[in-house]
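# What the coordinates show
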Amino acid sequence: MLKKNDEYIVEIIDNGFQGEGIAKIDGITVFINEAIKGEKIKIKILKVLKNFAYGKIIEILESSKARKTPDCNTYSRCGGCNLRHIEYNETLKIKKAIVENCLYKELKKEIKVEDVIGMKEPIYYRNKLQYPVGVDKDNKITMGVYSARTHSIIPTQKCYIQNELCQEIANDILEFARAHNVSAYNEETLKGTLRHIIIRIGVKTGEVLVTLVLNDNNLKDEAKLTDYLTIKHPNIKTIAKNFNKKNTNVILGDKTEIIYGPGFIYDILGEYKFKISPLSFYQVNPIQTEILYNTAVQHVGAGPVSARNDIALDLYCGIGTIGIFASKYFKKVYGIEIIEQAIENAKENAKINNVENIEFYAGDVEKVLPEIIKKENLKPNIIFVDPPRKGLDKNTIETILNLNLEKIIYISCNPATLARDIAMLEEKYDLKEVQPVDMFPWTSHVECVTVLYLK
Ligand SMILES: C[S@@+](CC[C@H](N)C(=O)[O-])C[C@H]1O[C@@H](n2cnc3c(N)ncnc32)[C@H](O)[C@@H]1O
């Protein structure tokens with residue numbers, strides 16, 4: 001029987017969904033942080049549960065060739081990256097295996113998964129910084145990344161995956177908050193003002209959108225902060241206050257007030273320009289997003305002219321990016337998205353880009369999809385679906401199955417729910433293509449474009 005604090009020498013037989021090493025002791029699976037497949041390691045057992053256990057590395061007896069020294073000094077505690085101790089190319093192999101394992105588990109057969117498309121320079125890639133605010137051990141306001149599996153903040157003044165200008169602006173906001181006694185929100189007492197600092201940049205346009213999430217209506221010295229930031233950083237085009245007074249882990253509240261600028265920024269992806277507002281979803285790695293969208297659209301299959309009679313749906317369309325990318329291959333595209341502000345952006349984005357054959361609907365896909373199919377008497381040929389991490393709901397899968405589409409192009413940021421949904425879609429569809437794209441280097445997250453063909 002495994003017991004807490006027991007020590008063992010183990011072989012790491014695989015890496016798991018969080019990139020952690022996996023060993024077996026007496027048939028029990030043991031998860032070991034920062035261990036790499038192929039290594040021989042002395043471990044100490046940290047926790048034993050019914051069917052598995054957690055251990056930690058005491059000594060690496062035989063190290064993997066893929067092991068490298070992490071370049072970030074908060075890495076071992078940080079809840080952001082979890083693969084910085086592994087050479088980048090090897091992290092891509094681990095991600096491919098994660099996708100293969102998820103598909104194998106659900107579909108009970110081997111599926112060909114393409115090699116993950118990685119980044120040439122996987123550094124400072126995020127266009128969105130999102131730091132919680134709290135207090136440090138000296139009770140001073142601070143911001144940063146949550147340490148792994150906790151809500152304790154690791155003060156973060158530099159981060160190798162964040163856009164450097166976003167980080168610089170966040171540092172300035174923190175400095176201002178300290179100098180002007182702006183209080184930090186306290187998750188226990190539910191008191192204090194500043195909850196989150198969110199900074200987005202349109203990497204191609206350089207335009208910056210600052211959103212301060214508040215637990216109060218008022219932000220102390222708001223006008224001074226606005227002047228200070230916009231004089232120092234002319235790239236800032238909009239500053240917004242978002243109000244979230246609920247006791248919740250959800251970051252953004254429903255209400256936003258613009259305190260500087262027009263309320264949005266622009267970015268460019270491929271040949272298109274996109275307007276982005278504080279509440280709208282926008283992919284966080286713009287370099288890889290172009291690859292992701294081009295990979296998805298390339299699977300439409302027909303050239304621009306021959307396919308023009310076809311109808312496409314872009315479900316969970318955000319600000320309309322995929323639909324707009326695909327619009328030249330279709331007679332008409334319909335997009336559905338739950339966030340009203342994103343749909344306003346999407347409509348505007350179609351206009352800015354002179355895309356006339358696209359129509360957007362705000363609402364829950366589960367409800368709106370069957371409604372518009374009926375109302376417009378739609379017979380779509382192809383759908384793009386790009387749901388949030390929880391994947392598709394059963395009713396939407398049912399609706400999709402009844403449409404008899406030629407192809408489903410399913411884009412997913414969660415291979416587990418992707419595999420679960422494909423298992424249901426397999427009733428009528430064959431999974432033919434699985435192309436993972438590394439949208440989140442150094443983390444164990446992986447995005448996939450998959451293509452399903454009607455049987
Ligand atoms: C992974 S994002 C994809 C957005 C877009 N396709 C893109 O690439 O930027 C998922 C989107 O689904 C939206 N969403 C979440 N639940 C939804 C629902 N039930 N119905 C419609 N949209 C939903 C989110 O607001 C978000 O914009």
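This text goes with the structure placed above it.
Model, not experiment: these values are computed from the prediction. (Residues numbered from 1 in each chain as written. Predicted model: local features only at pLDDT ≥ 70, side-chain atom pairs only at ≥ 80, totals over all residues. Heavy atoms only, no water.)

### Describing the overall build of the chain
Here is the rule: The numbering of helices and of strands both runs from the N terminus, where a helix is a DSSP run of H or I of at least 4 residues and a strand a run of E of at least 2. Only the C-alpha atoms count toward the radius of gyration. The rule for a globule is 2.2 Å times the residue count to the power 0.38. Accessible area is worked out with a 1.4 Å probe on protein chains only. A residue is then buried under 20% of its type maximum, exposed over 50%, and partly exposed in between.
Each helix and strand in the chain was counted, giving 9 helices and 22 strands. Compactness check: the chain gives a C-alpha radius of gyration of 23 Å against a globular reference of 23 Å for 455 residues, within 12% of the reference. Along the first, second and third principal axes, the C-alpha atoms of the chain reach 65 × 60 × 40 Å. Relative to its 455 residues, the chain shows a buried fraction of 54%.

### Concerning the packing of aromatic side chains
Using the following cut-off: Pairing of aromatic rings covers Phe, Tyr and the six-membered ring of Trp, with a centre-to-centre limit of 6.5 Å; geometry is then stacked below 30 degrees between planes, edge-to-face above 60, and tilted otherwise.
With the rule as written, the count across this model stands at 11 aromatic pairs. Ring centres of F31 and Y54 lie 6.0 Å apart, and the angle between their planes is 40°; on these two criteria the pair is classed as tilted. Placement of the pair is F31 in strand β4 (residues 28-32) and Y54 in strand β6 (residues 52-62), with a sequence separation of 23 residues. Judged by centre distance (6.4 Å) and plane angle (50°), the rings of Y272 and F274 are tilted. As far as the burial class goes, Y272 and F274 line up, both buried.

### Details of the pairing of strand β5 (residues 40-48)
We count it as follows: Note on pairing: DSSP must find at least two bridges between two strands before they are called paired.
Both strand β1 (residues 7-11) and β5 contribute to a ladder of 5 bridges, which runs antiparallel. Residue pairing for β5: E11 is matched across the bridge by K40. Here β5 pairs with β6 via 8 bridges, running antiparallel. Note on β6: the bridge partner recorded for V48 is A53. Adjacent in sequence and paired antiparallel, β5 and β6 are bridged by 3 residues.

### A look at the layout of surface pockets
Quick reminder of the rule: For cavity detection a 1 Å grid was placed over the protein atoms alone, and a set of points counts as a cavity when a 1.4 Å probe fits there but cannot get out; an open set counts as a pocket when protein lies on both sides within 12 Å along at least five of seven lines, with lining residues being those that have an atom within 4 Å of a point. Grid points are joined across faces, edges and corners, and a volume is the space filled by probe spheres set on the points. Note on residue classes: Ala, Val, Leu, Ile, Met, Phe, Trp, Tyr, Cys and Pro are nonpolar, Asp, Glu, Lys and Arg are charged, and everything else, Gly too, is polar.
Size it by volume and the second largest pocket reaches roughly 220 Å³. Taken together, D14, N15, I36, K37, E90, K93, I94, A97, E100 and N101 form the lining of the second largest pocket. Secondary-structure elements contributing two or more residues to the lining of the second largest pocket are β2 (14-15) and α1 (88-107). Per element, the largest residue contribution to the lining of the second largest pocket is 6 residues, and it comes from α1. Of the residues assigned to the lining of the second largest pocket, the class counts are 3 nonpolar, 2 polar and 5 charged.

### Observations concerning the sheet that holds strand β19 (residues 382-385)
Neighbouring strands of a sheet are bound in pairs by backbone hydrogen bonds; such pairs are parallel or else antiparallel. Condition: Geometry is summarised by axes, namely lines fitted to C-alpha atoms with helices restricted to the contacting stretch, and by angles between N-to-C directions that run from 0 to 180 degrees. Contacts are residue-level and defined by heavy atoms, with any inter-residue pair within 4.5 Å sufficient.
With mixed pairing, 7 strands are arranged side by side in an open sheet as β18-β17-β16-β19-β20-β22-β21. A single partner strand is all that each edge strand has here, and the edge strands are β18 (358-362) and β21 (429-437). Adjacent strand axes in the sheet meet at a mean angle of 15°, parallel and antiparallel pairs treated alike. As judged from the 4 bridges shared by β19 and strand β20 (residues 407-412), these two strands associate in the parallel manner. Pairing of V385 across the sheet is with Y410, part of β20. Sheet strands in contact with α1 are β21 and β22 (447-454), and its direction is about 160° off that of β21. Against the sheet, helix α7 (residues 365-375) contacts β16 (311-315), β17 (332-337) and β18, and its axis sits at roughly 150° relative to β17.

### A few points about unusual backbone geometry
Even without being glycine, N181 reaches a positive phi, approximately 50°. Inspection of the secondary structure assignment puts N181 in the loop between α2 (164-179) and β10 (194-201). Under the relative-accessibility criterion, N181 is labelled exposed at 60%. In this model, W442 sits at a positive phi of 75°, which is unusual for a non-glycine residue. Relative to the assigned elements, W442 resides in the loop between β21 and β22.

### Concerning the environment of E426
Among the structural elements, E426 can be located in the loop between α9 (415-425) and β21. On the accessibility criterion, E426 (15% relative accessible area) is buried. C-alpha of E426 to C-alpha of T443: the two residues are 17 residues apart in sequence and 30 Å apart in space. For E426, the contacting residues outside a window of four places in its chain are L107, K109 and K455.

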